[in-house]
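Survey of secondary and tertiary structure
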Amino acid sequence: MFRNYFKISWRNLVRNKWFSLINILGLSIGLATCLIIMLFVSNELGYDRFNKKANRIARIYFEGNVQGQRMKETVVMAPVAETMKKDFPEVEDATRLRSHDWAPKLVVNNKEFRFDQLAYADANFFDVFTLPFIKGDSKTALTEPNTVVLTKAVAQKYFGKEEALGKMIRFKTEDKAPMKVTGVIENIPVNSHFQFGLMTSMTSLEDAKQPNWMSSNYFTYIVLKNEKDFEKLEAKIPGLVDTYIGPQMKEGTGQTLAEFRKSGNNLTFHLQRLTDIHLHSDFHYDLSAPGDIRYVYIFSAIALFMLLIACINFMNLSTAGASKRSKEVGIRKVLGCLKGELVQQFLVESTIITAIALLLSLVFVKLALPLFNHLSGEQLTFGFIEKPMLAPVLLGIILFTGLVAGSYPAFYLSSFKPVVVLKGKWMPVKSRISFRSALVVFQFFISIILIVSTTVVYRQLSYIRHKDLGYNKDRVMVISNVGALGDKTEVFRQQLLSDPAVASVSASRYLPAGGSNNNNFFVFTEQEPGRLVKTLRYEIDGQYIPTLGIQVKEGRNFSREYGTDSSAVIVNEAAVKALGWKDNPLGQTISRTSKGDKEIYHVIGVVKDFHFRSLHEQISPLVMVLTPDPGSLVVKVKTTDIPGFTTKLQKRFAAYGAEDPMDYSFLDERYNNTYSAEQKIGTILGIFAGLTIFIACMGLFGLAKFTAEQRTKEIGIRKVLGASAVQLSAMLSKDFLKLVLVACIIAFPISGWVMYKWLQDFAYRTGISWWIFLIAGVLAVLIALITVSFQAIRAAMANPAGALRTE
């Protein structure tokens, strides 16, 4: 029986080549999109789950509010890990990780290597995280100071085929003891929230041993004895603030914790599950760029909608060709075929089409996956070897899609009455037309939402690009490895200053865009000692402010003419507000405690607020101190010939005997890269919107064909009675335009609400203007009109004699 079903199905596919091609193409595009998004979602949800104890591991983070400034830090104090094990019976183990602040060169066998990411880790780090050892003992690898564990890739890079165990690695530019290789581990999986090539012993750090509860530098992880204890422990750990931070705050600042809280301030600890780190993090600083659970939801919804739209196309196109199958159904029923057997035949036919479409979609996935990886920044792979569960998943997709796409056509076609269809009267009832119309409305509803969403995303990106940032990012070059020139650094700097193509040069590693050194700086006002304010500290020279075009609102810039500027600071407007200086801030003093010593600074200037962090965040207090760093230069370029200037500078840099090429970037590029995630999302949404519209148009084409066939005789009569081709085309098109307008009415408020919620993630954002919805509506109507017009004009131009011959 099934053999006959396959034969009949195959013959119908071959007989209606174009009809089958459109069906298969629509399904294959929908399935390919669905598969790629499934790979993305699976990868995002799988972060850190390779760890055997993943469900019991949690990270401790620090949160608070100080003088109205929100704090949410992934790094906590050095003693937290040991205290967690000692004070809380729910904790089985605790370990710490600290990333290396700078990037010095490493020397191995007298060969220099560019720095691979290095972190300090506790000796029990490999008991907590599942990082298999190839060489060495995980229990003892990091117990001694100045020991290091390498990943397999780094070991091969440094030592080639030589045995790495027992070899020495030293820093070239730092006064540190060499490190002995005591272990080699497998490469850290790409879906891990930390990526380090070298991990050295935490015992090498003196700070790690200090019971200091007023300085935060350590990523701290705990292992629960029972994963069900998470909420119980979460409720208990805020007590650490009262027990440990309170006494040290009183000793260091003279302010009790009760007084601190009475002023509206607050500090506390929280837990974050390991498996939540990648998708549920919004910290100022983390070990890697986090994902976003909202985009997982958005892409999952797109995958589902694309698959549904592809299935809807199949339904519409199958029922559109019903007139060609009606007599076949009638004859088969007269010959004794049951309705159930007809349903089975049509379902087999839809499953065969789905299987063919899936095979074609696998080709599309292979071709499109590199582009998607490039746009998303992922490293997704697709293959039956890498993903053994892929085969049963694909089989499930075939059965599910074949059943969903084929169910309505199967029951619809098998319901024809033989006595009616054999007379040529197969016209369905109006309710079925309404159902197909609802399917088209749904397709354009999704398409319009994607059009609006893409437009809003690009408008926000345009807003980001053109917003006044409070500094000038154009034609500003950042040279980050000037320190490699050694004692020739100052000569190089002076040569830059004498170059007519250069406007000014500043020596600082602190940049308002891209990766930068952002140090927290807790200060007190001398006039109000109990007022603790968290600020950001920038170490700059006297040329930094004019080089970046930052505006001085009050007071003056740093100057060599004033010897007291070594103890001076320049603050921004947000700092003035946070410190409570309602009157003249100039001459005010602030202080902080550093390593037991009190440092006092006086304010000499106030700059206008500028955006030194992402536009996702409000501008926070900033303190700038006079501490030049000649190892990194910020160069304001006058010439418009940027490529020529860059080439000249690279040659000049190499002429000084630098072992490495000049490491440079431009501030505007660094700024744009800050929003690369949003740019990628905008591009991906645009592509998906285009695909959705394309598939929706296929469905609309099918319904237009169906309607034209259904109204063949009516069109013939109207044409005989004098109706023109334009009038007939308008008559056939207006019903479809009504469907698109209905889709607009439903989609506009929903898409507006969705994008309003998305924009709330930006502290500085554009609005959602009415013209965005107008553009989306007009675009949808034009696309629908062009799609329908082909069938409408074809039907209107047909010879009425053919349609009326049977009457």
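Quantities reported herein were computed from a predicted structural model and do not represent experimental measurements.

**Looking at the overall build of the protein chain**
- In terms of helices and strands, the protein chain carries 24 helices and 25 strands.
- Looking at the protein chain alone, contacts between residues at least 24 apart form 80% of all its contacts between residues at least 6 apart.

**Looking at the packing of aromatic side chains**
- Scanning the entire structure with this criterion turns up 26 aromatic pairs.
- With a centroid separation of 4.7 Å and an interplanar angle of 10 degrees, the aromatic rings of W213 and Y244 are classed as stacked. With W213 in the loop between β12 (198-201) and β13 (216-224) and Y244 in helix α7 (residues 239-253), this pair connects stretches of sequence that are 31 residues apart. Both residues of the pair, W213 and Y244, belong to the buried class.
- One cation-aromatic arrangement involves R556 over Y562; the distance from NZ or CZ to the ring centre is 3.6 Å.

**Overview of the environment of F492**
- For F492, the position within the fold is in helix α15 (residues 489-498).
- Residues F492 and Y656 lie 164 residues apart in sequence; the distance between their C-alpha atoms is 8.2 Å.

**Topic: the sheet that holds strand β16 (residues 502-507)**
- In space, the four strands of this open sheet follow the order β16-β24-β15-β25, with antiparallel pairing throughout. Two strands close off the open sheet at either side, each with one partner strand: β16 and β25 (664-666). Taking the axes of each pair of neighbouring strands and ignoring which way they run, one obtains an average angle of 20 degrees across the sheet.
- By the bridge criterion, four bridges tie strand β15 (residues 476-479) to strand β24 (residues 633-637) in an arrangement that is antiparallel. If you follow V478 over to β24, its bridge partner there is V634.

**Let's talk about the pairing of strand β10 (residues 168-171)**
- Covered by surrounding structure in β10 are I169 and F171 only, the residues M168 and R170 on the alternate face being uncovered.
- In the sheet, β10 pairs with strand β11 (residues 179-185) via two bridges, with the strands oriented antiparallel. Among the inter-strand pairings, I169 is bridged to a residue of β11, identified as M179.

**Quick look at the side chain of N191**
- Counting through the fold element by element, N191 comes out in the loop between β11 and β12.
- Classification of N191 as buried rests on a relative accessible area of 17%.
- Residues within four places of N191 in sequence aside, it is in contact with N43, G46, Y47, D48 and F50.

**A short note on a nonpolar patch on the surface**
- Together, V742, I745, I746, I750, W753 and V754 make up an exposed nonpolar region whose accessible area comes to about 560 Å².
- A relative accessible area of 38% places I746 in the partly exposed class.

**Observations regarding the packing of α15 against helix α18 (residues 642-655)**
- Direction vectors running N to C along α15 and α18 enclose 155 degrees, while the axes themselves pass 11 Å from each other. Considering their axes alone, α15 and α18 lie roughly antiparallel with respect to each other. In this structure, the crossing between α15 and α18 has a hand that is right-handed. Contact residues: α15 offers F492, Q495 and L496, while α18 offers L649, R652 and F653.
- A class-by-class count of the residues in the contact of α15 with α18 yields four nonpolar, one polar and one charged.

**Digging into the pattern of salt bridges**
- For the structure on display, the rule yields 22 salt bridges.
- A salt bridge links R56 to E92, with the shortest nitrogen-to-oxygen separation between them at 3.0 Å. In this pair, R56 sits in the loop between α2 (17-45) and β1 (57-66) while E92 sits in strand β4 (residues 91-99), placing the two residues 36 residues apart along the sequence.
- Three or more residues are tied together by salt bridges with common partners; here these are E82, K85 and D93.

**Focus: the confidence of the model for the protein chain**
- Looking at the protein chain as a whole, the pLDDT averages 81, with 85% of positions reaching at least 70.
- Averaged pLDDT values over the elements of the protein chain bottom out at 59 in helix α13 (residues 418-421) and peak at 94 in helix α4 (residues 125-128).

**A few points about the nonpolar core**
- Within the largest apolar cluster, 117 residues are counted, with the highest numbers of intra-cluster contacts made by F299, F444, Y471 and Y538.
- Counting residues per element, this core draws most heavily on helix α14 (residues 430-466), which supplies 14 residues.
- With 29 residues, the next largest nonpolar core counts A58, V80, F88 and W213 among its residues.

**Here's the deal with the packing of helix α21 (residues 712-720) against helix α22 (residues 725-759)**
- Across the interface, α21 lies against α22 with an axial gap of 10 Å and an inter-helix angle of 150 degrees. The two elements α21 and α22 cross, and the hand of that crossing is right-handed. Between α21 and α22, the residues in contact are E714, I715, R718 and K719 and L728, M731 and L732, respectively.
- For the contact of α21 with α22, a count of residues per class yields four nonpolar, no polar and three charged.

**A short note on unusual backbone geometry**
- Even without being glycine, N146 reaches a positive phi, approximately 60 degrees.
- Examined against the element boundaries, N146 turns out to sit in the loop between β8 (133-136) and β9 (147-151).
- A relative accessible area of 29% means that N146 is categorised as partly exposed.
- Positive phi is not limited to glycine here, since R475 has a value of about 55 degrees.
- Within the fold, R475 resides in the loop between α14 and β15.
- Accessibility expressed as a relative area gives 34% for R475, which makes it partly exposed.

**Side note on the side chain of Q272**
- By the secondary structure assignment, Q272 is in strand β14 (residues 266-273).
- Taking the relative accessible area as the measure of exposure, Q272 reaches 6% and is therefore buried.
- Not counting chain neighbours up to four residues away, the residues in contact with Q272 comprise A58, R59, Y61, F230, I277, H280, S281 and F283.

**A closer look at empty space enclosed by the protein**
- Evaluation of the coordinates by the stated rule reveals three cavities of 30 Å³ or more.
- Looking at the largest cavity, its volume works out to about 50 Å³.
- Along its surface, the largest cavity is lined by F610, H611, F612, R613, S614, E617, Q618, I619 and S620.
- The residue inventory of the lining of the largest cavity, partitioned by class, reads three nonpolar, four polar and two charged.

**Considerations on helix α19 (residues 667-674)**
- Among all positions in α19, only L667, R670 and Y671 are buried. Axial view of α19: buried residues confined to an arc of 100 degrees, hence all on one face.

**Some details on a positive patch on the surface**
- A cluster of basic residues, R3, K7, R11 and R15, forms a positive patch at the surface.
- One can find K7 in helix α1 (residues 2-15).
- Given the relative accessible area of 38%, K7 is considered partly exposed.

Conventions adopted
- Along every chain, residues carry numbers that run from 1 in the direction the sequence is written.
- Local features in this predicted model are restricted to residues of pLDDT 70 or higher, and side-chain atom pairs are both shown and tallied only at a pLDDT of 80 or more, whereas totals for entire chains, interfaces and linings draw on every residue.
- Excluding hydrogens and water, the side-chain values take into account all heavy atoms of the structure.
- Only DSSP runs of H or I covering at least 4 residues are called helices, and only runs of E covering at least 2 are called strands; the numbering of each starts at the N terminus.
- Residue contacts follow a heavy-atom distance rule, with two residues in contact if any of their heavy atoms lie within 4.5 Å.
- Here a Phe, Tyr or Trp ring, Trp counted by its six-membered ring, pairs with any other such ring whose centre lies within 6.5 Å, and the pair is stacked when the planes are under 30 degrees apart, edge-to-face when over 60, and tilted otherwise.
- Between buried and exposed lies partly exposed: a residue is buried under 20% and exposed over 50% of the maximum accessible area for its type, with that area taken using a 1.4 Å probe on protein chains only.
- By the criterion adopted, a ring carries a charge over it if an Arg CZ or a Lys NZ lies within 6 Å of its centre and within 35 degrees of its normal.
- Strand pairing is assigned whenever DSSP identifies at least 2 bridges connecting the two strands.
- Interaxial angles span 0 to 180 degrees and are taken between N-to-C directions of axes, which are lines fitted to C-alpha atoms, for helices over the stretch in contact.
- Here a patch means residues that are over 30% exposed by relative accessible area and free of salt bridges, tied together within 9 Å if like-charged and within 5 Å if nonpolar (Val, Leu, Ile, Met, Phe, Trp, Tyr).
- Residue-level accessible areas treat just the shown protein chains as cover; the underlying method is Shrake-Rupley with a 1.4 Å probe.
- Here a salt bridge means any side-chain nitrogen of Lys or Arg lying within 4 Å of a carboxyl oxygen belonging to Asp or Glu.
- An angle below 35 degrees is treated as roughly parallel, one above 145 as roughly antiparallel, one from 65 to 115 as roughly perpendicular, and anything else as oblique.
- A clockwise turn of the near helix away from the far one marks a right-handed crossing, whereas an anticlockwise turn of less than a right angle marks a left-handed crossing.
- Amino acids are sorted into nonpolar (Ala, Val, Leu, Ile, Met, Phe, Trp, Tyr, Cys and Pro), charged (Asp, Glu, Lys and Arg) and polar (every other residue, Gly among them).
- Confidence scores per residue from the predictor, reported as pLDDT, run from 0 to 100.
- The definition of a nonpolar core used throughout is a set of buried Ala, Val, Leu, Ile, Met, Phe, Trp, Tyr and Cys residues joined through side-chain atoms within 4.5 Å.
- In this analysis the probe radius is 1.4 Å and the grid spacing 1 Å, with only protein atoms considered; a cavity is a set of points the probe fits into but cannot get out of, a pocket is an open set with protein on both sides within 12 Å along at least five of seven lines, and lining residues have an atom within 4 Å of a point.
- Grid points are joined across faces, edges and corners, and a volume is the space filled by probe spheres set on the points.
- Starting at the helix axis, one direction is taken to each C-beta atom, and the arc is that of these directions.
- For this count, His and the chain ends are skipped, Lys and Arg are scored as positive, and Asp and Glu as negative.
- By convention, the point assigned to a charge is CZ for Arg, NZ for Lys, CD for Glu and CG for Asp.

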